[in-house]
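Examination of the molecular architecture
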Amino acid sequence: MAEVGPFVQAVLAAAGKSEKEDISQKMGKLSKKIEDVKYEVYHALHDEYDEFIPNLTATLELSNQVRTVSEDMQSLSARIEREIQSQLNVSATEYQDLSSRLQESNGILGILDKLVKIHDSLQAVKKSLAQNEFVTCANSLDKIHELVASPVDDRSKDIKILSALKTEYTVQRETLKHNIGETWKDNVIWLVPEKGDTNSGVVDLCVRCPCDSDNLLVNILQGMERVDILQIELKKFAYKLIKHVITPIILNSNSAVSVMKKKGQCLKVVCSNSGKVATPQETFSNLTAVLDFIQQYIFSVDLQNGQTTLQRLGLVLSKDMLSLIIEHCLAPSIPTNTRDLEPYKAVVQATEEFQEKLSCCALIGKENDELVKYVSNINVLFANKKCQDLLQKARTLMTAEIHSMVLVTEEEGLGDSAPGSEEKAKRLKKAEAVYRSGHLSGSTFKLPKCFISVSVQSLVTLAYETLHEACTSSQQCAVQLFYTVRNMFELYSTVVPTFHRDSLTKLPQLAALHHNNCMYIAHNLTTLGHQFRQLLAESLQHGTATFLDYVPMIRQLGTDCLLGQMSRQKEQLMECLQGANGFTNVAESDSSESSERAVKQVLFQLSHLQNVWQEVLPETVYFKAMGTLLNSTVVEIINCITALEDISADDATLLHSLFSIIVDRASSYFKSENAENNALASLQKYTPKWNKFKEMLLVLNAGLVEISDRWADGKGPLANEFSPAEVKQLIRALFQNTDRRSAVLSRIK
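Note that the coordinates shown come from a computational prediction; the quantities given were computed from them, not determined experimentally.

**Looking at the overall build of the chain**
Tallying secondary structure elements over the chain gives 27 helices and six strands in all. Residues counted as buried form 44% of the 749 residues belonging to the chain. Split by element, the accessible area of the chain, about 38,800 Å² in all, is 51% carbon and sulfur.

Laid out in structure tokens, this is it:
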């Protein structure tokens, strides 16, 4: 390139200097203008977001001013880059100064631009809120969040007005949430009975969107998702739907669901407290109407992630709804009779159709087959429910009052409580043949005459009926029914002693009844399994169909109860005798009265037991019980008398008279309707120390010679009952120390 002459260089230098001076002047003017705009922006934003003095016209002008200054700044920046940078070799210092001033102005301008954009977005938020454009409002808030979260430079954190704008962003976001929630409540309205109003069973779910706002619900639901409150509102809606609509529909058979126009669309659910459980078909029909309504008028809205609001509702609703349907609709509908199994196929089909409906509307996933899976194995469900019902009936009988009695006669053979069958007749005939052959006693297959509880008779009858049904059932069901009968009697051994503990402890008659009940059950269990073994499922015919293992346990249960009651009665009798103070000095008035009172209390107690036991217990058991208690009484009396060291003649006379009352009354405790029974013989048989007691009475009223004669050198009746030491003790207590007494004592050895 040809060299430039000195003149040309001088001209260019002069032009560059002039250009730099022009740019510098413009830069100064622009900086002043930026300062003016900055002041106006800060002042306006401070008034509106810090002092809360809105001025829409002024803020719009600020936006235009910032935009104009920004354009001037961009023009000047381009000019500096284009014209001044080429003159770097002329004046690098001047260029750096201009660049620094330009960067400073650009930084300030960037902050002003950010503030204005935030302000514009906040104005857009307010406008969208006023028009219920919730999605647009959420978009503006997201834009503000991006602006607030991205600083322009380090000076942003020192700008106080920016903090006020952040606060305003938070306020507007919460305002959006509140407005969406209120608009949702205004347009999706629940009209439910007030708390405590048990007479009203009407629930209304109304959707009231204005006619000119077809997309309002879409805007509401999508806006909820954008501000993260959709899940909360869906949970609230699901809770109300379960409580006020789905549960009443499932629990009441008289439910009606209708859809009507009433300032929008309204779903009306009417449920009456009929007490009946709705059939599955009725329930599914009503629930389908409800689901169609909420799908068509409320939740047919697509969300950003590709899901619909109905799918999102299903995530919080389906688990509880399916559980309610299974527990309170399908489970009660399971039949308990074999004849009802075939008609139940209609329920299975209705369940399949309803599950398909739930899947099609995406309320549950296609892989969710919980309802159909439940009803598909109807045979198992039938057997389980049948067994549960049987155990519940059995438990109801066990917890019923046991004082209602029924007489069991000796003519009632083992198993006669069961419905008649040829097989049973054959077994009884065979049992009688065995008896006639001389191998068994005549009472082997008979229960002694006694009273048992009506509830226990019903329990045994239930067991027989269940085993008869097991004989005609499928193998699996037969096995379950058989073991259910076993469980009944195992349950009996646990429930009755626990549930009736107080009654069995305090009331002698109920203790006797419980004893008889246990003996009656054990009596039937002895051959219950053998009666049905050949008729039951093959798996039960090889020795497993038996109840013999329960027989000792249940017998022991009854025996322990009666023995425990007898022990308590004995304690009461001994307590009565303690009032006699060992029958010392009975000739004295106080001792005479206490001794007489003690004997009368004993006789009264024994008479009471006779009244409550004699007709209830089998005769032999009753005689044993009374004989045991009477024997304990006379043994205590004998021990008291033989322990006395001094018995005066008056004492002996009074004691003989007092104890004679016991002798006179004792035989009455052993009388019965059986003509062959001898009361006195039964008294002596079941009261081992009765003869000893009578011998003691003879000694109290006898002389030394008579006592010596009854001893008869250790071979007489007195020697059979008393030991030599006891007789000597009685003689020493009754008679004074004389030669005759010494002679008699020497012969007793």
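**What to know about the packing of helix H9 (residues 309–333) against helix H10 (residues 345–360)**
In contact at an axis separation of 13 Å, H9 and H10 are set at 170° when each is read in the N-to-C sense. Between H9 and H10, the angle falls in the class roughly antiparallel. For the pair H9 and H10, the contacting residues are Met321, Leu322, Ile325, Leu330 and Ser333 in the first and Val347, Thr351, Phe354 and Leu358 in the second. Residues belonging to the contact of H9 with H10 are distributed by class as follows: seven nonpolar, two polar and no charged.

**Points about the side chain of Arg226**
You can see Arg226 is positioned in helix H6 (residues 216–226). Residue classification places Arg226 among the buried residues on the basis of a relative accessible area of 18%. There is a polar contact of 2.6 Å between the side chain of Arg226 and the side chain of Asn139.

**Comments concerning the layout of surface pockets**
In this structure, the largest pocket occupies an estimated 540 Å³ of space. Elements that contribute at least two residues to the lining of the largest pocket include exactly strand S6 (450–453) and helix H20 (619–642). The dominant element in the lining of the largest pocket, judged by the number of residues it contributes, is H20, at three residues.

**Observations regarding the packing of aromatic side chains**
A complete count under the given rule lists 16 aromatic pairs for this structure. Residues Phe284 and Phe354 carry aromatic rings whose centres are separated by 4.7 Å and whose planes lie at 10° to one another, so their mutual orientation is stacked. With Phe284 in helix H8 (residues 280–297) and Phe354 in helix H10, this residue pair connects regions lying 70 residues apart in the sequence. Each of the two residues, Phe284 as well as Phe354, counts as buried. With a centroid separation of 5.8 Å and an interplanar angle of 45°, the aromatic rings of Phe623 and Tyr686 are classed as tilted. With a gap of 63 residues between them, Phe623 in helix H20 and Tyr686 in helix H22 (residues 679–686) connect regions that are remote in the sequence. The pair formed by Phe623 and Tyr686 is uniform in burial state, with each residue classed as buried. Of the aromatic side chains, those joined through ring pairs into one cluster are Trp184, Trp190, Phe237 and Phe299.

**Here we look at the side chain of Ser140**
With respect to the element layout, Ser140 can be found in helix H4 (residues 134–149). Ser140 gets classed as buried once you look at its relative accessible area, which sits at 11%.

**Notes on the pattern of salt bridges**
Oppositely charged side chains may form a pair once their charged atoms are brought near each other. Tallied over the entire structure, the rule returns 12 salt bridges. Among the ionic pairs, Asp204 bridges to Lys268, the shortest N-O distance being 3.0 Å. With Asp204 in strand S2 (residues 202–207) and Lys268 in strand S4 (residues 265–271), this residue pair connects regions lying 64 residues apart in the sequence. Salt-bridge contacts for Lys236 lead to Glu233; the nearest nitrogen and oxygen are separated by 3.8 Å. Within this pair, Lys236 and its partner Glu233 are both found in helix H7 (residues 230–251), separated by three residues, close to a single helical turn. With a relative accessible area of 12%, Glu233 lands in the buried category.

**Focus: helix H24 (residues 704–711)**
The set of residues buried in H24 consists of Leu704, Ile707, Ser708 and Trp711. Buried residues along H24 cover an arc of 100° about the axis, so they all sit on one side. Away from its buried face by more than 90 degrees, H24 exposes Val705 and Asp709. In this structure, the buried side of H24 is in contact with helix H23 (690–700), helix H25 (717–721), helix H26 (724–734) and helix H27 (739–747). In the stretch just after H24, Ala712 is the one whose phi turns positive, near 50°.

**Observations concerning the nonpolar core**
Ranked by internal contacts, the top residues of the largest apolar core, which has 122 residues, are Trp184, Phe237, Ile294, Ile298, Phe299, Ile325 and Phe489. Ignoring anything within four residues of it in the chain, the contact list for Phe489 reads Ala463, Ile521, Leu525, Leu528, Phe547, Tyr550 and Ile554. Of all hydrophobic cores here, the second largest spans 71 residues; its members include Leu606, Ala625, Ala652 and Ile748.

**A word on the pairing of S2**
One face of the sheet, then the other: side chains in a regular strand alternate in exactly this way. Burial of S2 is extensive: five of the six residues sit out of reach of the surface. Here strand S1 (residues 188–191) runs beside S2; their pairing, made up of four bridges, is antiparallel. Across the sheet, residue Leu191 finds its bridge partner in S2, namely Asp204. Relative to S4, S2 runs antiparallel, the two being bridged by six bridges. Counted as the bridge partner of Cys206 is Cys266 from S4.

**A closer look at the packing of H20 against helix H21 (residues 649–666)**
In helix packing, the relevant descriptors are the interaxial angle and the interaxial distance, both defined with respect to the helix axes. Between H20 and H21, whose axes approach to 13 Å, the crossing angle comes to 165°. The angle between the axes of H20 and H21 places the two elements in the roughly antiparallel class. Seen along the crossing, H20 lies across H21 with a hand that is left-handed. Across from Leu630, Ile637 and Ile641 in H20, the residues of H21 making contact are Leu655, Phe659, Ile662 and Ala666. The class makeup of the residues in the contact of H20 with H21 is seven nonpolar, no polar and no charged.

**Description of the confidence of the model for the chain**
Of the residues in the chain, 74% have a pLDDT of 70 or more, and the chain-wide mean is 80. Every residue in residues 1–18 scores below 50 in pLDDT, and together they form one contact with partners more than four places removed in sequence or on other chains. For the stretch residues 434–438, pLDDT sits under 50, and the model shows five contacts to residues farther than four places along the chain or on other chains.

**Considerations on H27**
Within the span of H27, buried status applies to Arg741, Val744 and Leu745. Summarising the axial view, the buried residues of H27 lie within an arc of 100°, below the 170-degree limit, and thus occupy one face. Facing away from the buried side of H27, by more than 90 degrees, are the exposed residues Asp739 and Arg740. Along its buried surface, H27 packs onto H24 and H26.

**A word on the environment of Cys450**
Looking at the secondary structure, you find Cys450 in strand S6. On the accessibility criterion, Cys450 (3% relative accessible area) is buried. Distance in space between the C-alpha atoms of Cys450 and Val406 is 8.5 Å, their sequence separation being 44 residues. Residues in contact with Cys450, not counting those within four places in the same chain, are Val406, Leu407, Val408, Asn516, Val616, Leu617 and Pro618.

**As for the environment of Thr628**
Relative to the elements of secondary structure, Thr628 occurs in helix H20. A sequence separation of 58 residues divides Thr628 from Lys570, and the C-alpha atoms of the two residues are 9.0 Å apart. The contact partners of Thr628, leaving out residues within four places of it in the chain, are Met566 and Tyr686.

**A short note on unusual backbone geometry**
In this structure, Ala362 is a non-glycine residue whose phi angle is positive, near 65°. Note that Ala362 resides in the loop between H10 and helix H11 (370–376). Of note in this structure, Asn585 is not a glycine but carries a positive phi near 50°. Residue position: Asn585 is located in the loop between helix H18 (551–578) and helix H19 (589–613). Of the residues examined, Asn585 reaches a relative accessible area of 40% and is grouped as partly exposed.

What counts and how
Residues numbered from 1 in each chain as written. Predicted model: local features only at pLDDT ≥ 70, side-chain atom pairs only at ≥ 80, totals over all residues. Heavy atoms only, no water. Helix = DSSP H or I, 4+ residues; strand = E, 2+ residues; numbered from the N terminus. Buried < 20%, exposed > 50% of the residue type's maximum accessible area, 1.4 Å probe, protein only. Areas by Shrake-Rupley, 256 points an atom, 1.4 Å probe, with all protein chains shown as cover. Axes fitted to C-alpha atoms, helices over the stretch in contact; angles between N-to-C directions. Parallel < 35°, antiparallel > 145°, perpendicular 65-115°, else oblique. Contact = heavy atoms within 4.5 Å. Nonpolar A, V, L, I, M, F, W, Y, C, P; charged D, E, K, R; others polar. Polar contact = N/O pair within 3.5 Å; in protein donor to acceptor, adjacent residues only side chain to side chain. 1 Å grid on protein atoms, 1.4 Å probe; cavity = no way out; pocket = protein on both sides within 12 Å on 5 of 7 lines; lining within 4 Å. Points joined across faces, edges and corners; volume = space filled by probe spheres on them. Phe/Tyr/Trp six-rings, centres within 6.5 Å; stacked < 30°, edge-to-face > 60°. Salt bridge = Lys/Arg side-chain N within 4 Å of Asp/Glu carboxyl O. Arc of directions from axis to C-beta. Core = buried A, V, L, I, M, F, W, Y, C linked by side-chain atoms within 4.5 Å. Pairing = 2+ DSSP bridges. Left-handed = near helix turned anticlockwise from the far one by under 90°. pLDDT = per-residue confidence, 0-100.

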